[in-house]
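Overview (structure and organization)
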Amino acid sequence: MKVLVTVKEVAAVEDDFEIDGLSIDDRYLEYDLNEWDDYAVEAAVQIAEAADEDVEVVAATIGPERSEETIRMALAKGADRAVRVWDDAIADQTLLDVNAKASVFEQVVAEEEPDLVLTGVQAADDALGATGVALANRVGYQWAAVVNDLDYAAGDDVATVRRELEGGVEEITEVDLPAVLSIQTGINEPRYASLRGIRQAQQKEIAPHDLSDLGLDAETVDGALELTDMYEPESESDATIFEGGAEETATELANVLRDKGVVGE
Amino acid sequence: MHLQSDSALTDEQRAIRDAVEEFALEELRPEAQELDDAEAFPEDAWDDLAELDLTGLTVPTECGGFDADKTTYSVVNEAVAYGHLAVATALSVHCLATSCIAEFGSDEVKEEWLPEMVDGRPVGAFCLSEPGAGSNPAEMTTRAEETEDGYRITGEKQWITNGQRAGVYIVFAKTDPEDRGSITQFLVPADYDGVEVGKKEHKLGLRASDTTGMTFDGVEIPEKYRLTPEGEGLSAAFKILTGGRLGIASQAVGVAQAALDEAIAYAGEREQFGKSIGDIGSIRQKVADMATQVAASRLLCREAARQADAGEDSRVIASMAKYFASEAAVDVTNEAVQIHGGYGYMSEFDVERFYRDAKITTIYEGTSEIQKTIIARDLLD
Ligand SMILES: Cc1cc2nc3c(=O)[nH]c(=O)nc-3n(C[C@H](O)[C@H](O)[C@H](O)COP(=O)(O)OP(=O)(O)OC[C@H]3O[C@@H](n4cnc5c(N)ncnc54)[C@H](O)[C@@H]3O)c2cc1C
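About the criteria used
- Residues numbered from 1 in each chain as written.
- Chains lettered and ligands numbered in written order.
- Predicted model: local features only at pLDDT ≥ 70, side-chain atom pairs only at ≥ 80, totals over all residues.
- Contact = placed C-beta atoms within 7 Å.
- Helix = DSSP H or I, 4+ residues; strand = E, 2+ residues; numbered from the N terminus.
- Nonpolar A, V, L, I, M, F, W, Y, C, P; charged D, E, K, R; others polar.
- Domains from an automatic or database assignment.
- Near = placed C-beta within 6 Å.
- UniProt positions renumbered as here; feature names shortened; annotations may be inferred.
- Core = buried A, V, L, I, M, F, W, Y, C linked by C-beta atoms within 7 Å.
- Buried ≥ 20, exposed ≤ 12 C-beta atoms within 10 Å, placed from the backbone.

Here the focus is the interface of chain B and chain A. Contacts between the two partners involve twelve residues from chain B, matched on the other side by eleven residues from chain A. It is helix α1 (residues 11–38) of chain B that contributes the most residues to the side of chain B that touches chain A, seven residues altogether. Of the residues belonging to the side of chain B that touches chain A, the class tally is seven nonpolar, no polar and five charged.

What follows is the structure, encoded as structure tokens:
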């Protein structure tokens, strides 16, 4: 069987940085594998390691050449090979929206025909949190979002998943394959890359594709969303500390909540 | 923060550095103070090191090891020490032992020990120093008498890293007590009769690492456990220790970098006289000195590694690296404490431990004085 894991290199901003127009200069950024994707890779590799049959784990990313260093860490942790999609038309976007990403990955799925697609719940940088589900919708796969427990053995037709819903509610549900699962942090304990894994990863394939390789044109990635401004939000600290017994402070808190319109009269 | 330009390393070396550094920072550093306090070695972390292939770092690939080039060896030692020097030391001594077996053991002995040591256990120890023979190991009194089918080893070793944890000891002994030239290298399994582990020493730093005396009381070993021909033990020890020196030098860089990073962070946070102390001229000068010392130390290490990888004689440059980097680590950790003021003297702050730990690097595997003796000999004699 084949498991496709979508991975993304994300940038974290240093404590002190400057915004220049719509971006932040490279010198203030540190690149790393998106945290959620690390869990998705681990989930895929665990399926492969526990399997009796051959399981190929393919990592797919949309990212510039620089991102190969990060993608190689996923290969070092056990993915077999990677597909990297990049194009001038993608680089020109101020923001690659969910639709654009889903369009790209739709073609990757068409080419790879995976039985299972694992994505991170969201990316740490733009936090759209919708790519996995949007992709499932496009390719007509079953899906489950925010999966924090996965019971699946290679070759099974059904995956049993536990999903995190709003308000602390969890749901256990079965998903027929082929399926897209968006993976939540905490589902497993991602490994560190071993030295041997790192060495092997240097030889593994990261196949570059541009949009035309995937049969797409530049318009496909012209999303509806445009990045128009970037600024640091004013942060005011106006913490109120209530002192006293529970009874008293609860009343004070209730008054504040009512005043601010958080709860009704 | 990496002061060395990324382009100095191959993609593989850079990935190894990043992975091991992340591990050291997330898994080793947070528990270092507690372990130091309890004088306890983190055996779980040791298992993790094995998972990462670090316990087979210097073992040939035929025996299941990683067979790292010297630059990678340097990078790994620095990164582990960045997390916790005591763990880095335990690892590098284990690597000394595996190197001895790989370099001098017969195929049978290699097969017997190395694959398991690559997997982390048995842990290896290296027994050269004695109460009366430190800088000058030729004065050792441990004796190896020939028996019908091997040797009987009798003597005392001192300050043996991994003394308690080890399952196998590399032991240096004289086959003729009157002959300084008879030092020979042996392998002694921990479970043989007559192997006694002495009490664990209490130390200034490196407290999570077990340092013990060892008594070999008529330990009978088979012939195959004589690793070198009789009389070739000391040159074998020096050969292995040249590699070891690069390891210790790189570890010194790791602790110094750790102290520098803490000092920079603290200088940015701490305010006195209405401004951050990082804006005070003398603090800025200190930080510049520290960073320069760390960078110079690291470059000496990498150059020693490069020469060794190129097949050149790297003994002198390895001594320079060990001498310079260890003294720099003592200076840099000292200044890191100074920048922290009174807080730096408190054990809640990591720099307090870095300062205590760094000192050992100027002492073991050849003191600074001995390194200078080696350098001067090459220049003057
Ligand atoms: C924590 C720790 C762990 C250790 N681990 C190990 C281990 O795993 N295996 C092992 O075999 N040993 C180990 N050692 C021993 C260590 O290698 C020795 O302590 C070191 O070689 C110095 O020997 P010494 O302590 O006997 O000092 P000495 O040789 O007595 O030196 C005392 C002082 O005299 C100076 N001196 C000596 N000779 C000269 C000279 N010719 N010229 C100039 N100055 C000189 C020294 O530099 C030093 O300043 C360890 C030591 C410590 C503290």
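Another point: the domain arrangement of chain B. Residue and element names in this part refer to chain B. Domain parsing of chain B yields domain 1 (6–122), domain 2 (124–232) and domain 3 (234–380). If you average the C-alpha positions of domain 1 and of domain 2, the two centres end up 23 Å apart. Across the boundary between the two partners, domain 1 contributes 27 residues, which contact 22 residues of domain 2. Among the secondary structure elements, those contributing two or more residues to the side of domain 1 that touches domain 2 are α1, α4 (85–104) and α5 (107–118). Considered class by class, the residues forming the side of domain 1 that touches domain 2 number 17 nonpolar, six polar and four charged.

All names here are of chain B. The local shell around the ligand holds 21 residues, among which Ser-129, Gly-134, Ser-135, Thr-367 and Glu-369 are the closest. Of all the elements in the fold, those that place two or more residues in the shell around the ligand are β1 (123–127), β3 (150–161) and α10 (368–380). When grouped by side-chain class, the residues that make up the shell around the ligand number eleven nonpolar, seven polar and three charged. Residue contributions to the shell around the ligand reach at least three from each of two domains, namely domain 2 (124–232) and domain 3 (234–380).

Before going further, it helps to examine the UniProt feature "domain: Acyl-CoA dehydrogenase/oxidase N-terminal" (unreviewed entry) in chain B. As annotated by UniProt and renumbered to match this structure, "domain: Acyl-CoA dehydrogenase/oxidase N-terminal" (unreviewed entry) occupies residues 10–120 of chain B. Along residues 10–120 of chain B, the helical share is 75% and the strand share 0%, with 27 Å between the first and last C-alpha atoms.

Cross-referencing UniProt, the feature "domain: Acyl-CoA oxidase/dehydrogenase middle" (unreviewed entry) maps to residues 125–219 of chain B in the present numbering. Across residues 125–219 of chain B, helical content stands at 0% and strand content at 53%; the span's end C-alpha atoms are separated by 16 Å.

Counting 186 residues, the largest nonpolar core has Val5(A), Ala59(A), Phe186(B) and Ala321(B) as the members making the most contacts within it. No other element matches helix α6 (residues 233–269) of chain B, which puts 18 residues into this core. What Ala321(B) contacts, discounting residues up to four positions off in sequence, is Leu246(B), Ala249(B), Leu300(B), Cys301(B) and Ala304(B).

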